[in-house]
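Residue-level structural notes
Here is what each chain is made of, one letter per residue.
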Amino acid sequence: MRHIRFIMSTLLMGAGVVTAQQKAPSYPLVTHHPYFSIWSSSDTIMQSSTRHWTGTAQPITGTVTVDGVPYTVLGRLPDTYATAVPAEGTLKYRTDAPSGDWISPQYNDLQWKKGSMPFSDQPGPGETPWKSKELYVRRTFDWLQEASDTLYLKLHHDDNIKVYLNGKEIFSRNGWNGRDEYFPVVLEAGLLQQKNNLLAIHVQNTAGGAYLSAALARKVKPVATGARMAIQESVEVHATQTVYQFRCGPVLMEMAFISPLLMDDLQLLSRPVTYLACHALSEDNKEHDVRVQVGVSTAVCVNTAGQPVEASPYNSGDLTILKAGTREQPVLKKKGDDIRIDWGYVYVATSKGPGVKQWIADNADKTKTLITETAMGKVGSEVAGMPSRVFLLGYDDLYAVEYFGQPLKAWWKNDASATMERELQNAIRDYARILGRCMQFDDALQKEAAAAGGKEYARLCELAYRQAIAAHTLVRGPKGELLFLSKENFSNGCINTVDVTYPSAPLFLLYNPDLLKGMLTGIFEYSESGRFKKPFAAHDLGTYPIANGQVYGEDMPVEESGNMLILTGAIAKAEGNANYAKEHWKVLTTWAEYLLKAGFDPENQLCTDDFAGHLAHNTNLSLKAIAGIRSYAMLADMLGEKAAAKRYADSARAMADNWLKRAADADHYRLAFDRPGSWSQKYNLVWDRVLGFKLFPSSLYEQEVAWYLKQQQPYGLPLDSRKTYTKSDWIIWTATLASTPEEFRELIDPLYKYITETPTRVPLSDWHETTNGRQVGFQARSVVGGYFMKMLDARYNGGNGAGGGSVIYTYNRASINH
């Protein structure tokens, strides 16, 4: 097993040798669904607190005690702060631009309004209403504490903000953050006075909600624990597990976070239980007494700090369990983007036995820590019989989503008798078997990805795997249908967004097309039920976790209709039949007719790259319409509708010929038909290759790829000629057009450089700046399932593999656990 192989290799290398770190923007630890998703944002896990994908601290801590000496191995508690100047208190404000030097302490603000923070466009008790585009605030305060050159701004702002202290700008930030965050501010000597200081703030509400709360704080020095820091020797990220190796004095310790997201077993895929497996070995040929302690904060089960939590210990069968949840339990009462679950219960469990203890500790921030300690006994140097212990981290969300007014439970609760205790017992009973399956899958995925696109490409796929799956929740619908509903993480919080499903699709086409159907079915039902009456596909089904109908303010007619037709065709390609399309043929026909009329030369509308704004005559969107029409022709042919198949195939061919003429621009093809000198990634062209349509000549692929190679920046290929930012999923789709392995790698290498060098330490962001590798927006989204497009092409067409022979792990429809 991999775990034993690591410890043996470490022994063979000898003491003092430290293996290389595998670097990622953030490391997946617990990954099941949008509400149960915990990551480490530092290369050494002890450097920072573990966090929910939104960035809120959800600490998992760990200590290994060797012969009475404690070593810190997992995470650390988040920084704590003491408020120096609270947000509450009288201030002056106005909502139109003031004249004069309004940031100066001497400015006359007698005509300004009186109010207090927070300001909100949806004010609650004690909040000041704010409905305008601009807000100017002046707040005076005295500073009677010790002089300090570093303060922290405690800010919750929506949107752009500038902060001034005594006339000097001390902070500026665009965008919004959705919650209180602490930002360090280094002050000039003498800037902060004992009396009559002025904090001046300007906030611009650029779109959507409006909010401001601001305070000054100081960091509280942490209490020394007496524990030594273990040496983290390495970390490996595989498809289903993240494995850390530590040196704790004379003992080598391996700790693996295993989320067994195997898509050919839906019951296991849905089970919200992660293993934390620990293995220990002596390095000095002596026996050592070893204990492992793991703490899980109840921050995992609250949305915001301060929510009252109740926790309890109990036994169930062979397990000892700690359980915690909020006192209120507001099931499905919250929806939105930057939201964490505050209903249901978090569980920490392990097998009962000698030396096993569990207890609950109260924390200063009103959270609790669920602590489990277990003895590993005498740890020697023999690999055979090496001691191991397994902890279970689980979450029962009670109800997962609301679907057109009906609350739905997670898939693992399809059996009415299902309980979290039973799932935990099954998890511990089957641990060895499940671990073996995970390791077999991890190895097969890595080898197939490397064969398709090379070693660096394989690492991208390994890092993307759990993130793509865990941005969904799996439920059974009211009619017994499988629903696999995504959350549009840090984009707008929509549920089941079609143009998020579209880029994520390659992963699920590879490993279980039923899950891709589960992303499309709700959109089909929305139109077929008459709830969505327009002649094109909807954008979304609501705001996660409430799927009661589209909430996005503007339709994407060509985008979403093309997506639905292409993906339905891709499912037919994967399964070898069009049975799924037949179930939805009427609405597919309506959408195909719409694309015939409006798809070739799209009017001024949004596409999936809506952050770039509206664009008329979009050549890449036109390619999507053409592929959607050709997909419909393929489906009609598979269903025996020969006349329709010919009509649509002929139309797609004519559109493709016209596209080549109108989009041409010397040595490349345009961003828009009417924009000479422009260019864009033609990532939608990839389906012409993958689905074997062959509407476009290979010379188009070659010409575009040659152009792209000239446009590259240090951290990737820009999305188009308008900006230097990019989308990493689209880069891989575009790179799949390359005719040689060398060209593919040349397009992928800057993306791998971004993944391993970006200073933005969050779960994979698919929207970044190619000049400096910084995140522009988005994180933890399912769209990184699009990284698997090269593997999909290799699986279907042989591709232009960059790494040698292929080892394929395929789903077995007969063995899929429904």
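This one's a predicted model, so the numbers in the text were calculated from it and none came from an experiment.

Some words on the sheet that holds strand S4 (residues 60-66)
Remark on secondary structure: sheet strands pair via backbone hydrogen bonds, oriented parallel or antiparallel. An order of S18-S5-S4-S23-S28-S27 is seen for the six strands of this open sheet, with the pairing classed as mixed. In the strand order of this sheet, the two ends are held by strand S18 (228-229) and strand S27 (357-362), each with one partner. Sheet analysis places S4 next to strand S5 (residues 69-74), joined by five bridges and oriented antiparallel. Within S5, the position partnered with Val-66 by the bridge is Val-69.

A closer look at the environment of Thr-326
Residue position: Thr-326 is located in strand S25 (residues 319-326). Given the relative accessible area of 4%, Thr-326 is considered buried. Residues Thr-326 and Gln-307, 19 residues apart in the sequence, show an inter-C-alpha distance of 6.8 Å. Setting aside anything within four residues of it in sequence, one finds Thr-326 in contact with Cys-301, Val-302, Gln-307, Pro-308, Val-309 and Asp-342. Here the side chain of Thr-326 touches Asp-342 through a polar contact of 2.7 Å, landing on its backbone oxygen.

Quick look at unusual backbone geometry
In this model, Asp-158 is joined to Asp-159 through a cis peptide bond whose omega is 15 degrees. Among the secondary structure elements, Asp-159 is positioned in the loop between strand S12 (150-158) and strand S13 (160-165). Note that the residue after Tyr-544, namely Pro-545, is joined by a cis bond; omega there is 5 degrees. Inspection of the secondary structure assignment puts Pro-545 in the loop between helix H7 (513-528) and strand S34 (546-547).

Comments concerning the environment of Arg-139
Within the element layout of this structure, Arg-139 appears in strand S11 (residues 134-141). A C-alpha to C-alpha distance of 14 Å links Arg-139 and Ala-84, two positions 55 residues apart in sequence. Once residues within four sequence positions are removed from consideration, Arg-139 is found in contact with Val-85, Pro-86, Ala-87, Glu-88, Gly-89, Thr-90, Leu-91, Met-117, Asn-197, Leu-198 and Leu-199. Of note is the side chain of Arg-139, whose polar atom sits 2.9 Å from the backbone oxygen of Pro-86.

A closer look at the packing of H7 against helix H8 (residues 557-575)
It is the contact of H7 with H8, at a shortest axis distance of 11 Å, that shows an interaxial angle of 150 degrees. Handedness of the H7/H8 crossing: left-handed. Contact residues: H7 offers Pro-513, Asp-514, Leu-516, Lys-517, Leu-520, Ile-523 and Phe-524, while H8 offers Met-564, Leu-567, Thr-568, Ile-571, Ala-574 and Glu-575. When its residues are assigned to classes, the contact of H7 with H8 shows nine nonpolar, one polar and three charged.

Topic: the state of the cysteines
Applying the stated criterion across every chain yields a total of zero disulfides. With no disulfide of its own, Cys-278 lies 10 Å from the sulfur of Cys-248, the closest cysteine sulfur. Exposure remark for Cys-278: the relative accessible area of 0% places this residue in the buried category. Its sulfur unpaired, Cys-461 is 18 Å from the next cysteine sulfur, which belongs to Cys-438. The exposure class of Cys-461 is buried, given its relative accessible area of 0%.

Conventions we followed
- Residues numbered from 1 in each chain as written.
- Predicted model: local features only at pLDDT ≥ 70, side-chain atom pairs only at ≥ 80, totals over all residues.
- Heavy atoms only, no water.
- Pairing = 2+ DSSP bridges.
- Helix = DSSP H or I, 4+ residues; strand = E, 2+ residues; numbered from the N terminus.
- Buried < 20%, exposed > 50% of the residue type's maximum accessible area, 1.4 Å probe, protein only.
- Contact = heavy atoms within 4.5 Å.
- Polar contact = N/O pair within 3.5 Å; in protein donor to acceptor, adjacent residues only side chain to side chain.
- Axes fitted to C-alpha atoms, helices over the stretch in contact; angles between N-to-C directions.
- Left-handed = near helix turned anticlockwise from the far one by under 90°.
- Nonpolar A, V, L, I, M, F, W, Y, C, P; charged D, E, K, R; others polar.
- Disulfide = S-S within 2.5 Å.

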